[in-house]
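Observations on chain architecture
The residues making up each chain are set out below.
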Amino acid sequence: MLAVPGCSEAGKGYHEPGGSFSPSFASFGISLWVTDDDGKILATSDSLRSDEMEQKLVWRTNGKLPAIQTETPYYRARWSFAGDGGWQLDLDLATEHDKRVALVIRSVGPAGGPVRLLDWHNQQLRINERWSLRLNPQPAAVSIGDESVENWKVSGSGLNRYTSSEGWGFARFELRGTKVWTVTLRDNLFPATTPLAFSSTLAGIELNLPDPKFTNSLQAQVAHLMMGLVGAETRPGDPNNYPLNWLRDGAYAIVALARAGQAEVAKQLCRPFAEHDFFGGFGSEADGPGLAIWALEEVAAEAREPEFDRWLWPHVRRKAELILEMRAATEPLRRPYVGPIVPLHTNRTDLDLVCDPAKDGLISGRMDWHRPILFVNAASYRGLRDAAELAGRLGKDSDAQDWRDRAAELKQAWAKAFHSAEADDERTFICGLYPTWVVSDQEVYQKKLAERRARSHDREDRLNEKPLWTYFNIAQAHQWLVLDRPDKAWNDLSWFWDNQASPGLFTWWEGKGEENTLHRWELARGWVAPPHVTPHYWTAAEMLLLQLDMLAYLDESGDEPALVIGAGIPKEWLGVAMGVKGLATRLGKVDWEWRKGRMTVRLRGEKCAVKLGPTFPADTPVKVRH
């Protein structure tokens, strides 16, 4: 998706591998056709194989959004936002003399819709009384007509104007005489606007690393998360598959953006997470209060703004007390939710059911129509610990101590249940260490994690099949990172880089088919039989958090947090100078520089112990500055 962060779902632009583009949802498609001299189609931007193209995100000077550049044997296409409802295609042709290229406007596209009016006048094409398109230089020939006409792919009506209620109009522009073209497209009625305040879609971190793919992937996650925002709300995935805020996915997105240096954007996303306790397509899910507190406190701890803390306080306190109420429940607990429900589930009677009676000191909470007890309680443990941190900053010492005590009890109950069948749920292994630190016995946790990995990975430690729930896989890789096994985290990271949804753009997927659809895509002429939902933003957040923690993270397994520098740095990088500036943690921002076998770390915030990741030599000199 190529879109203004915070614009409406209807305003989101869609790009497909090869360079085809729809400037907004259910609009029309723009594609490139390569033909021989007789007009026979040899290739199109809709049909090129992934091994026939290279794609990448390109950040232009002073550009808020990235451009998407596609290289093929026939052309190089770069789509970029031109501001004020405009898009621009910069096209360089690389065709041989016996091949021709045409730019084609059709109702079919990545997110197409009916094309009922086309009017070519004064070297400008009007589309549906809304859009205008210009080419520079002028095209060699223009053909306008209807796709229902025989031989429409090589002919036209001979007219400059087309109207039809069926909406199957097309316009074909022959690009001859030069290899360099500029296509400008403007929305004259509904240009994308946004209430979101932002200055860039890049991470607010300086990265000097030897592997450009690592940097490109990290920056791409920030951009995709930003472009998926609608208003001041998150979305779980493609906003027209998921036109709703979903607490769980959104909590991860907020934390990821905050840690990547987009703290001001993260703050703008916090209000519904503070004011509402339950929202999302499945109703009132029990992990909600804990995950919301985690996200809110991550933003608050990094912001260090007393006014923001005071605003958060009543909401965090309410959620913490709700966690304690769930843990003490003696009968089913129901609470109202806000927002839409996935249509497939609107008739369920348990949409407001948060949890069943507590058992063995644990919340018996609902999530994903399951009872993943250890995941729900891990999220709740994290929430209580973070609520206590906020209370401590505000001088609410009694509340802080009470919540720490209750969290300790929850941690003990969790450790006991880990030896039962409750641990078998896959969600147990996406949360034990990162991000909750609820695990007491890392050795036992690692053993069970390894048993699961042996079933999902081949002998070379790579995933043996394409997963459905990609966020689970990346979160499990994160557990291996903090267990000092960066090799396993890298194996999973590399597998995902080799299996991107849109090659070169570092996008991911969820499920099979239109998972949890709200049926908006049925209104579009495109994405007719989707293999999955893409992009997916919980997965993007997981990927971003994994990569950030590879550079620096807080180990919260002990009584006091310790800063781990370079936990995911591979041995191959140690031979060159490298560094990071401005990586956010809840204790403050971190800078580090590796040069000539020495590590220099600067902490801009609270003091804490500092240690290096496992690939650094044990006798590495470390200089810490505050």
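Starting afresh in each chain, residues are numbered from 1 along the sequence in its written order. The predicted nature of this model means local features are confined to residues of pLDDT at least 70 and side-chain atom pairs, given and counted, to a pLDDT of 80 or more, with totals for whole chains, interfaces and linings taken over all residues. Only heavy atoms go into the side-chain values, all of them from the structure, while hydrogens and water stay out.

1. So, the pairing of strand 3 (residues 29–36)
Most of strand 3 sits inside the fold, with eight of its eight residues counted as buried. Going residue by residue along strand 3, you find Gly-29, Ser-31, Trp-33 and Thr-35 tucked away on one face and Ile-30, Leu-32, Val-34 and Asp-36 tucked away on the opposite face as well. Each pair of strands is called paired provided DSSP finds at least two bridges between the two strands. Every helix listed is a DSSP run of H or I at least four residues long, and every strand listed is a run of E at least two residues long, numbered separately from the N terminus. Relative to strand 9 (residues 99–106), strand 3 runs antiparallel, the two being bridged by eight bridges. Bridge pairing in strand 9 links Ser-31 to Val-104. Where strand 3 meets strand 4 (residues 41–44), three bridges bridge the pair, whose relative direction is antiparallel. Considered in strand 4, the bridge of Thr-35 is made with Ile-41. Here strand 3 folds back onto strand 4 in antiparallel fashion, the turn holding four residues, of which Gly-39 has a positive phi close to 90°. Relative accessible area decides the class of each residue, using a 1.4 Å probe on protein chains only: under 20% of the type maximum gives buried, over 50% gives exposed, and in between gives partly exposed.

2. Remarks on the sheet that holds strand 21 (residues 552–555)
Read from one edge of the open sheet, three strands run 21-22-26, paired in mixed fashion. Of all the strands in the sheet, the pair left with one neighbour each is strand 21 and strand 26 (609–612). Here the strands of the sheet are splayed against their neighbours by 30° on average, with no regard to which way each runs. Note that strand 22 (residues 562–565) and strand 26 share four bridges and pair parallel. Counterpart to Val-564 in the pairing with strand 26 is Lys-611. Only heavy atoms enter the contact rule, under which two residues are in contact if any of them lie within 4.5 Å. Orientation is described by lines fitted to C-alpha atoms, with helices fitted over the stretch in contact, and by angles between N-to-C directions that extend from 0 to 180 degrees. Against the sheet, helix 12 (residues 537–551) makes contact with strand 21 and strand 22, and its axis sits at roughly 85° relative to strand 21, the strand it touches most.

3. Considering helix 10 (residues 470–482)
Helix length check: helix 10, at 13 residues, gives a terminal C-alpha distance of 19 Å against a target of 18 Å (1.5 Å per residue), a fit within 8%. Most of helix 10 sits inside the fold, with 13 of its 13 residues counted as buried. Just downstream of helix 10 lies Asp-484, where phi reads positive at about 65°. Expected helix span is given by 1.5 Å per residue-to-residue step, counting one fewer step than there are residues.

4. Notes on the side chain of Asn-240
Following the sequence through the fold, Asn-240 ends up in the loop between helix 1 (212–227) and helix 2 (247–259). Overall, the relative accessible area of 1% leaves Asn-240 in the buried class. A distance of 3.1 Å separates a polar side-chain atom of Asn-240 from the backbone oxygen of Glu-9. Excluding residues that lie within four positions of it along the chain, Asn-240 makes contacts with Glu-9, Lys-12, Tyr-14, Phe-25, Arg-520 and Trp-521. Definition of a polar contact: a pair of N or O atoms within 3.5 Å, with one able to donate and the other able to accept a hydrogen when the atoms are protein atoms, and with sequence-neighbouring residues admitted only if both atoms are side-chain atoms.

5. Thoughts on the packing of aromatic side chains
For any pair of aromatic rings, the description rests on two quantities: the centre-to-centre distance and the angle between the ring planes. Aromatic contacts are taken between Phe, Tyr and Trp rings whose centres are within 6.5 Å, Trp giving its six-membered ring; a plane angle under 30 degrees counts as stacked, one over 60 as edge-to-face, and the others as tilted. Across all of its chains, the model carries 36 aromatic pairs by this definition. Ring geometry for Phe-21 versus Trp-87: centroids 5.2 Å apart, planes at 65°, classification edge-to-face. Taken together, the residues span a long stretch of sequence, with Phe-21 in strand 2 (residues 20–22) and Trp-87 in strand 8 (residues 86–93) at a distance of 66 residues. An identical accessibility class is assigned to Phe-21 and Trp-87; each is buried. By way of ring pairs, the aromatic residues Phe-214, Trp-490, Trp-497, Phe-506 and Trp-573 are connected into one cluster. The ring of Phe-198 has Lys-64 lying over it, and the distance from NZ or CZ to the ring centre is 4.8 Å. To sit over a ring, a charge needs its Lys NZ or Arg CZ within 6 Å of the ring centre and within 35 degrees of the ring normal.

6. A short note on the environment of Asp-36
Here Asp-36 shows up in strand 3. Sequence separation between Asp-36 and Glu-96 is 60 residues, and the spatial gap between their C-alpha atoms is 9.9 Å. Filtering out sequence-adjacent residues up to four positions away, Asp-36 remains in contact with Leu-42, Asp-98 and Arg-100. There is a polar contact of 2.9 Å between the side chain of Asp-36 and the backbone nitrogen of Asp-38. A distance of 2.8 Å separates the side chain of Asp-36 from the backbone nitrogen of Lys-40, its partner in a polar contact.

7. Digging into the sheet that holds strand 5 (residues 54–58)
Strand order in the open sheet formed by nine strands is 5-6-7-8-16-12-11-10-14, with antiparallel pairing between adjacent strands. What marks the edges here is a single partner per strand, and that holds for strand 5 and strand 14 (161–163). Within the sheet, the average angular offset between the axes of one strand and its neighbour, ignoring direction, is 15°. Taken together, the three bridges between strand 10 (residues 117–121) and strand 14 define a ladder with antiparallel strand orientation. In the sheet register, Asp-119 faces strand 14, and the bridge partner there is Arg-161.

8. Looking at the pattern of salt bridges
By definition, a salt bridge exists where a carboxyl oxygen of Asp or Glu is found within 4 Å of a side-chain nitrogen of Lys or Arg. Inspection of every chain in the model, using the stated rule, returns 52 salt bridges. In this structure, the salt-bridge partner of Glu-174 is Arg-176, at a minimum N-O distance of 4.0 Å. On the basis of relative accessibility, which here comes to 34%, the residue Arg-176 falls in the partly exposed class. A salt bridge links Asp-591 to Arg-602, with the shortest nitrogen-to-oxygen separation between them at 3.9 Å. Of this pair, Asp-591 sits in strand 24 (residues 588–595) while Arg-602 is found in strand 25 (residues 598–605), placing the two residues eleven residues apart along the sequence. A network of salt bridges, in which partner residues are shared, links Arg-248, Glu-285, Asp-287, Asp-368, Asp-425 and Arg-427.

9. Observations concerning the state of the cysteines
Any two cysteine sulfur atoms lying within 2.5 Å of each other are counted as a disulfide. According to the stated counting rule, one finds zero disulfides in the structure shown. There is no disulfide at Cys-431, and the cysteine sulfur nearest it, in Cys-355, is 17 Å away.

10. Remarks on unusual backbone geometry
Pro-435 follows Tyr-434 through a cis peptide bond whose omega is -5°. With respect to the helices, strands and loops of the structure, Pro-435 is situated in the loop between helix 8 (397–417) and helix 9 (442–456). The omega torsion across Thr-534 and Pro-535 is -5°, close enough to zero to call that bond cis. Along the chain, Pro-535 falls in the loop between helix 11 (486–498) and helix 12. For Ala-26, which is not glycine, the phi torsion reads 60° and is therefore positive.

11. What about the environment of Ala-329?
By the element assignment, Ala-329 lies in the loop between helix 6 (306–327) and strand 18 (333–334). Taking the C-alpha atoms as reference, Ala-329 lies 41 Å from Val-610; in sequence the two are 281 residues apart.

12. Quick notes on the packing of helix 5 (residues 288–303) against helix 6
Orientation of helix 5 relative to helix 6, taken along the N-to-C sense of each, is 155°, at an axis distance of 9 Å. By the angle between their directions, the pair helix 5 and helix 6 is classed as roughly antiparallel. Relative to helix 6, the crossing made by helix 5 is left-handed. For the pair helix 5 and helix 6, contact is made by Pro-289, Gly-290, Ala-292, Ile-293, Leu-296, Val-299 and Ala-300 and by Phe-308, Asp-309, Leu-312, Val-316, Lys-319, Ala-320, Leu-322, Ile-323 and Met-326, respectively. In the scheme used here, Gly and all other residues not listed as nonpolar or charged are polar, with Ala, Val, Leu, Ile, Met, Phe, Trp, Tyr, Cys and Pro taken as nonpolar and Asp, Glu, Lys and Arg as charged. Tallied by class, residues from the contact of helix 5 with helix 6 come to 13 nonpolar, one polar and two charged. Roughly parallel here means an angle under 35 degrees, roughly antiparallel means over 145, roughly perpendicular means 65 to 115, and every remaining angle is called oblique. Should the near helix be turned anticlockwise from the far one by less than a right angle, the crossing is termed left-handed; should it be turned clockwise, right-handed.

13. A closer look at the nonpolar core
Take the buried residues of types Ala, Val, Leu, Ile, Met, Phe, Trp, Tyr and Cys, join any two whose side-chain atoms come within 4.5 Å, and each joined set is a nonpolar core. Ranked by internal contacts, the top residues of the largest apolar core, which has 190 residues, are Leu-125, Phe-173, Phe-214, Leu-551 and Trp-592. Broken down by element, this core gets its largest block of residues, twelve residues, from helix 7 (residues 373–393). Other than its neighbours up to four places away in sequence, Leu-125 contacts Ile-105, Leu-118, Asp-119, Trp-120, Trp-131, Ser-132, Leu-133, Ile-144, Ala-171 and Phe-173. Core analysis: the next-biggest nonpolar cluster, separate from the first, contains nine residues, Ile-341, Val-342, Leu-351 and Trp-369 among them.

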